[in-house]
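Summary of the model geometry
Here are the chains, one letter per residue:
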Number of protein chains: 2
Amino acid sequence: MTSKTKAPGADLPLNQILAGDCIDVMNSLPAGSVDLIFADPPYNLQLKGDLHRPDNSKVDAVDDHWDQFSSFAVYDDFTKAWLKAAKRLLKPNGAIWVIGSYHNVFRLGAELQNQGYWLLNDVVWRKSNPMPNFKGKRLTNAHETLIWASRDESAKYTFNYEALKALNDGIQMRSDWVLPICTGHERLKDSNGDKAHPTQKPESLLHRILIATTNPGDVVLDPFFGTGTTGAVAKMLGRDFIGIEREEAYRTVAEARLARVRKFDASALEITGSKRSEPRVPFGQVVERGMLRPGEELYSVGNRYMAKVRADGTLVGNDVKGSIHQVGAAYERAPSCNGWTYWHFKRDGKMIPIDILRQQIRAEMEADHARPN
Amino acid sequence: MTSKTKAPGADLPLNQILAGDCIDVMNSLPAGSVDLIFADPPYNLQLKGDLHRPDNSKVDAVDDHWDQFSSFAVYDDFTKAWLKAAKRLLKPNGAIWVIGSYHNVFRLGAELQNQGYWLLNDVVWRKSNPMPNFKGKRLTNAHETLIWASRDESAKYTFNYEALKALNDGIQMRSDWVLPICTGHERLKDSNGDKAHPTQKPESLLHRILIATTNPGDVVLDPFFGTGTTGAVAKMLGRDFIGIEREEAYRTVAEARLARVRKFDASALEITGSKRSEPRVPFGQVVERGMLRPGEELYSVGNRYMAKVRADGTLVGNDVKGSIHQVGAAYERAPSCNGWTYWHFKRDGKMIPIDILRQQIRAEMEADHARPN
DNA sequence: TGTGGAATTGAATCTGGAT
DNA sequence: GATCCAGATTCAATTCCAC
């Protein structure tokens, strides 16, 4: 382990996991010594009873003691304190990433602003495989929010624009990132075979963050280190890290994990490869976008049947309601039907298949993806 | 314009644009009279003199000298005031949507929580055609954030789950919505041919919001009405609206726009409903009507368990007696069980779920209800 | 060893009406 | 307000297991 010429404090405990409360530990480190902070603080979930899936299995909820706060005021005090300690540690051109859900992220963002951090972007992690909403009472909670902020308005923060553009097939990176949640072999297990940490983040997320906003040799601090995803990716990418973790069980898992990591593991670079396939277009989008109006009549192939569009993107015909596919199948007494090619709308006396509209939407998406700059 | 019997205040100024400051106007309206609020508040922190404290005290100009902290405080005062006025207007089961970007949305969300609104989801509007980032210094700002919250934790808010699922081709709607920004003929122009409003929202966004969280006849308030997207979509979808707008120029454009809008057919506004709203059928009715006889045997899913029907509509199995749900739950050692789909009876050697019998009874009730007297 | 179907699982503020 | 209880409710990815 070499001391860094860039670092003001040569005594910086690099590439280690420090035990203890993150505020105390941060305050013990030299000011202005860290390039980037990644922080995944407790979300302050306020869960009531148990939640069961439709098959009656029980959801393994986040009920850990470290996520319990008695009020927003207590949570805000905690947030104020660690953000203040974090700011002191940042170099003048340093930056921070925080991640949260709607339970806590508004409080994080507001306090960042209050303390004079300068918000650069909010970034949405769109989960490709989120947990569904089992009770049908809300929207599927399919994303988390990250906030990227520099130490203050004058900071000359690091942003590797071209590297991110390259990661995104040559198109500039947007503020919404589609990445899968952490599952499979990447998900660390404890000795019982249960998940070692309830909220382990995927390496692909940290990979993108570190590629975007650090350079090799930078010092990355994670005050809520958990099972050490930040440290693992930092090590792979040739960045130095400092982890802080209060729970001994997490530290143990993280130490073992870090020992297994190899620097510049080429496979890490392939994690975020983009998949190109024809995107699914729900018929409802055609209605929402006003390409067809609720009440408008659609006609079947051969003009034998008619059905009307409803505001929720279903069709209603004679005694039949349902999707474009279901109503088509019912009329034809067929087990299935491709509604996109079956149904037509009239324009200037001509019958036009609704698939034209889907192609228009796809063309827009394609044009957007291919737009230069 | 008809007065609504549902509304507590028959003097509610429905389907109009009210001129004036939104806080003053909201405070002049009767409490508990609005089903849904959609709010797109200004997020300009440069405060071009258009924000003032609730007590109307003059705010020191911030355009001459950037003072971040005082400007946040002023913005927070403004947010507090209008959210408080909004909460007073909501019916007990009412809800609110607010939209913002990273400049203001964290302050909005935190204040919603502070005031006791109950956050239901944060929703990401993922723009399919955002403005690119020209300088290459940050990520393309390709989304805005909406927050959906009920008036308080106990509110029985409206959520048309099945309709949204239909809009999304049969898969439950997620918290990230991909919709294009408002362009083309939908984008309103002023007499110079310039865009009439800098942040006109697409009708598709309001369509989804109103389908999701209102029913026909509901009262929707927009305190920052602008060019009236909320009113236009509300009118199309058979909802009543109240708009508040301070700027005469926007009111003029909105009035003209609303005059052009036509309501959709009633049949087109019918949406896919929830099973919860179907009438409850006691299992005892199945026995009373002779569809199953006392003593008849029912078999569980997978044919593993058996129970006998008793004359009072309960079941008796091995050491278990009770409702179809209770006996099913006991056999499965599950916290609950839907007996209607769990139990099957035999006819001609085939296993048929007893839910078929419930559907027959419901169909009879339907036919009976529809029969003219 | 391959393949197809069943089982498992993930940061969750996840019911509602009658009594 | 607390309690009881009918009965409605899931998507994608991975792993496990039977054959």
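Attention here is on the structure that accompanies the text. Remember, it's a predicted structure, so these values are computed and weren't measured experimentally.

1. With respect to the overall build of chain A
The helix and strand tally for chain A stands at 11 helices and 14 strands. Dimensions of chain A, computed from the C-alpha atoms along their principal axes, are close to 80 × 50 × 40 Å. Measuring between centres, the 49 positive side-chain charges of chain A sit 4 Å from its 46 negative side-chain charges.

2. Overview of helix α5 (residues 203-213) of chain B
The element α5 of chain B is largely enclosed, with a buried count of 11 among its 11 residues. Every buried residue of α5 of chain B is listed here: Glu-203, Ser-204, Leu-205, Leu-206, His-207, Arg-208, Ile-209, Leu-210, Ile-211, Ala-212 and Thr-213 of chain B.

3. Comments concerning the protein's contact with DNA strand C
All names here are of chain A. Near DNA strand C you find 37 residues, and of these Arg-53, Tyr-102, Met-131, Lys-135 and Lys-137 are the closest. One of the side-chain N or O atoms of Arg-53 is found 2.5 Å from a base nitrogen in DNA strand C. Residue classes in the surface near DNA strand C are distributed as 17 nonpolar, seven polar and 13 charged.

4. Focus on the protein's contact with DNA strand D
Taken together, 28 residues sit near DNA strand D, with Tyr-161, Lys-165, His-325, Trp-340 and Arg-358 of chain B positioned nearest. Counting only the atoms of DNA strand D that lie within 4 Å of the protein, the sugar and phosphate share comes to 63%. For DNA strand D, a base oxygen lies 3.3 Å from a polar atom in the backbone of Phe-134 of chain A. At 2.5 Å from a phosphate oxygen of DNA strand D is found a side-chain nitrogen or oxygen belonging to His-325 of chain B. For the surface near DNA strand D, the secondary structure elements donating two or more residues are α4 (161-167) and α10 (324-332) of chain B. Per-element accounting of the surface near DNA strand D gives the leading share, three residues, to α4 of chain B. Within the surface near DNA strand D, the residues separate by chemical class into nine nonpolar, 12 polar and seven charged.

5. Focus: the pattern of salt bridges
Counted under the stated rule, the structure contains 36 salt bridges over all chains. In this structure, Arg-358 of chain A engages Asp-355 of chain A in a salt bridge whose closest nitrogen and oxygen atoms are separated by 2.8 Å. Remark: Asp-355 of chain A and Arg-358 of chain A occur in helix α11 (residues 355-370); sequence separation between them is three residues, near one turn of the helix. One salt bridge connects Asp-40 of chain B with Lys-201 of chain B, and the closest N-O pair in it is separated by 2.9 Å. Note that Asp-40 of chain B is positioned in the loop between β2 (34-39) and α2 (68-89) and Lys-201 of chain B in the loop between β6 (176-179) and α5, a separation of 161 residues in sequence. Taken as a pair, Asp-40 of chain B and Lys-201 of chain B share a single burial class, namely buried. It is possible to trace a salt-bridge network through shared partners that takes in Arg-126, Arg-174 and Asp-176 of chain A together with Arg-126, Arg-174 and Asp-176 of chain B.

6. Observations regarding the pairing of strand β7 (residues 219-222) of chain A
All names here are of chain A. Burial along β7 is two-sided: Val-219 and Leu-221 facing one way and Val-220 and Asp-222 facing the other are all buried. Where β7 meets strand β8 (residues 240-245), four bridges bridge the pair, whose relative direction is parallel. Following the sheet pairing, Leu-221 is matched in β8 by Ile-242. For the handedness criterion, the β-α-β arrangement of β7, helix α6 (residues 229-236) and β8 is classed as right-handed.

7. A word on the packing of α5 of chain B against helix α6 (residues 229-236) of chain B
Residues and elements named next belong to chain B. Close contact between α5 and α6 brings their axes to 9 Å; oriented N to C, the two are set at 55 degrees. The orientation of α5 relative to α6 falls into the category oblique. The two elements α5 and α6 cross, and the hand of that crossing is right-handed. When α5 is examined against α6, the residues Glu-203, Leu-206, His-207 and Leu-210 are found in contact with a partner set consisting of Thr-229, Thr-230, Ala-232, Val-233, Ala-234 and Met-236. Its residues assigned to classes, the contact of α5 with α6 shows six nonpolar, three polar and one charged.

Calculation rules
Residues numbered from 1 in each chain as written. Chains lettered and ligands numbered in written order. Predicted model: local features only at pLDDT ≥ 70, side-chain atom pairs only at ≥ 80, totals over all residues. Heavy atoms only, no water. Helix = DSSP H or I, 4+ residues; strand = E, 2+ residues; numbered from the N terminus. Lys, Arg positive; Asp, Glu negative; His and termini not counted. Charge placed at Lys NZ, Arg CZ, Asp CG, Glu CD. Buried < 20%, exposed > 50% of the residue type's maximum accessible area, 1.4 Å probe, protein only. Near = heavy atom within 4 Å. Polar contact = N/O pair within 3.5 Å; in protein donor to acceptor, adjacent residues only side chain to side chain. Nonpolar A, V, L, I, M, F, W, Y, C, P; charged D, E, K, R; others polar. Salt bridge = Lys/Arg side-chain N within 4 Å of Asp/Glu carboxyl O. Pairing = 2+ DSSP bridges. Right-handed = clockwise from strand over helix to strand, strands pointing away. Axes fitted to C-alpha atoms, helices over the stretch in contact; angles between N-to-C directions. Parallel < 35°, antiparallel > 145°, perpendicular 65-115°, else oblique. Left-handed = near helix turned anticlockwise from the far one by under 90°. Contact = heavy atoms within 4.5 Å.

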